[in-house]
Structure formats: structure tokens, C-alpha cells
Amino acid sequence: MVRRNDGRRAALVDAAIEVLAGEGARGLTFRAVDAAAGVPTGTASNYFSNRDDLLTQAGARVYERLTPDPAEVERQRTAKPDKETYVELMREVVGRVSGFRTGYLALLELRLEATRRPELRAVLTERVRADLDANLSYHEASGLPGDAMAVKLLYLAFNWLIVEQLTLPDVLSEAERDEIVAAAVERIVTE
């Protein structure tokens, strides 16, 4: 029987994210999650029906934790819809996602694991597609310049920029990252 203490479950899923980021998908065991969460051995197995359940919930939790602060969303919605605002929005997104280093690295591990697990691939595909659709909807409602293709190109470009920053942080300085964000918006987004 799977337990329902939501606080404990969240702590275990957060620990799973840390294990994924630090040890990779192969290191994700119930025992490793228990150790990372600082709970007695066997606790995680009481909350998740199997490892796939844990992997899936870890992926969902990363997206939950990456959700922007409502005040930031409101600030962006009320800003002037021009390229300067677009650049600031993209810098905020890249900074926020890069700031949750273990979460993004865990997502990379989950993506690799999804190449071998069709059920996980289906869940991640649905979640990533929903994320992209949310970005497209936000863009359309915002009045920002550019079209859906620009949003998709920026989405893909900045995902790789984030991978670069998190895996090889000395390749680009923070100033170079900011320049790249501004240049990508300027070159991809047409009025």
C-alpha cells in the first residue's frame, strides 16, 4: 500500500532529484533516496509503487519547482511588449532554470532514461509538449514581437545554453550568456 503523507512524499521526490543529478539514473534506488532524504531505509518503497513511479514523479516535481513566481509573471505581463522586455524575460527564464541546477540535470538524466523506458518517454513527451504549448500561449497573449517559430527557436537555443552553463560552466561567462540571450532575441524575433 502506497502512503499518502504529501510532505514526506515531496521530500522523497526532492531527494530523488538530488540523487538523479548527482548519481545519474542508474544511481536512483529507493535506498539512495532514503539516504538523501535522511529517512529510515525502506521509507521510499512505502511511497512509490516502483522505480518508474519515482522517476515519473521526479520529472513532474522539477517542472513544479521551475514554475515562475506569480509576481514575476504579473510583472512581465504588464511590461511593454517590445524586444527589450523579451530579452529581460529570456534572461529571467535562463537564470531561473540555471539556478535550479540539480533539477535541470535531473531532467537531462530523465530524458536519457526515457530513451530506454517508453512509459517515461510518454510522460516526459507530454510534459515537455505542455511546457512548450504554455510558452506559445503566453507569447501569443503577451503581445511580444515574433511568431510561434521564434518561440520554438528560442526555446531550443536557450535549453542548450542552459545545458552548457550547467555542465561546462567555464565555457561562457555570465556576461557572454547575457550577450547571447540578447543576440538570439534580436536575430530570431522579427517585429
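Residues numbered from 1 in each chain as written. Predicted model: local features only at pLDDT ≥ 70, side-chain atom pairs only at ≥ 80, totals over all residues. Heavy atoms only, no water.

### Overview of the confidence of the model for the protein
Confidence in the prediction of the protein, expressed as mean pLDDT, is 92, and 98% of residues score 70 or more. The least confident element of the protein is helix α5 (residues 70-78), whose mean pLDDT is 87; the most confident is helix α2 (residues 30-37), at 98. (pLDDT = per-residue confidence, 0-100. Helix = DSSP H or I, 4+ residues; strand = E, 2+ residues; numbered from the N terminus.)

### Quick look at the side chain of Q165
With respect to the element layout, Q165 can be found in helix α9 (residues 148-167). In this structure Q165 comes out as buried when scored by relative accessible area, which is 12%. Not counting the four nearest positions on each side in its chain, Q165 is found in contact with S98, L172 and R177. (Buried < 20%, exposed > 50% of the residue type's maximum accessible area, 1.4 Å probe, protein only. Contact = heavy atoms within 4.5 Å.)

### Details of helix α10 (residues 174-188)
In an α-helix there are 3.6 residues to a turn, and that puts residues three or four apart on one side. For α10, spanning 15 residues, the distance from its first C-alpha to its last is 21 Å, which sits close to the expected 21 Å at 1.5 Å a residue. When α10 is considered as a whole, its buried residues turn out to be R177, V181, A184 and V185. Take α10 and look down its axis: the buried residues cluster within an arc of 95 degrees, on one side only. Facing away from the buried side of α10 by more than 90 degrees, the exposed set consists of E179 and R187. If you follow the buried residues of α10, they end up packed against α6 (83-99) and α9. (Expected span 1.5 Å × (residues − 1). Arc of directions from axis to C-beta.)

### Notes on the pattern of salt bridges
Using the criterion set out here, one finds 13 salt bridges in the structure. We note a salt bridge from D178 to R91, for which the minimum N-O separation is 3.9 Å. One end of the pair, D178, is in helix α10; the other, R91, is in helix α6, and 87 residues separate them in sequence. Across the pair D133 and R129 runs a salt bridge whose closest N-O atoms are separated by 2.8 Å. Residue D133 and its partner R129 are located together in helix α8 (residues 118-142), separated by four residues, close to a single helical turn. The partly exposed category is assigned to D133, whose relative accessible area is 34%. What makes R129 partly exposed here is its relative accessible area of 41%. Put simply, R51, D52, E113, R116 and R117 are held in one network by salt bridges that share partners. (Salt bridge = Lys/Arg side-chain N within 4 Å of Asp/Glu carboxyl O.)

### Things to note about the environment of R101
Tracing the backbone shows R101 in helix α7 (residues 101-114). As for R101 and E18, which are separated by 83 residues in sequence, their C-alpha atoms are 9.6 Å apart.

### Concerning the nonpolar core
Soluble globular proteins tend to bury their nonpolar side chains together. Among the nonpolar cores identified, the biggest contains 54 residues, and L20, L28, V33, Y86, M90, L154 and F158 are the most heavily contacted of them. At nine residues, α9 tops the list of elements feeding residues into this core. Contact partners of Y86, with chain neighbours within four places excluded, come to H139, L144, P145, V151, L154, V185 and V189. (Core = buried A, V, L, I, M, F, W, Y, C linked by side-chain atoms within 4.5 Å.)

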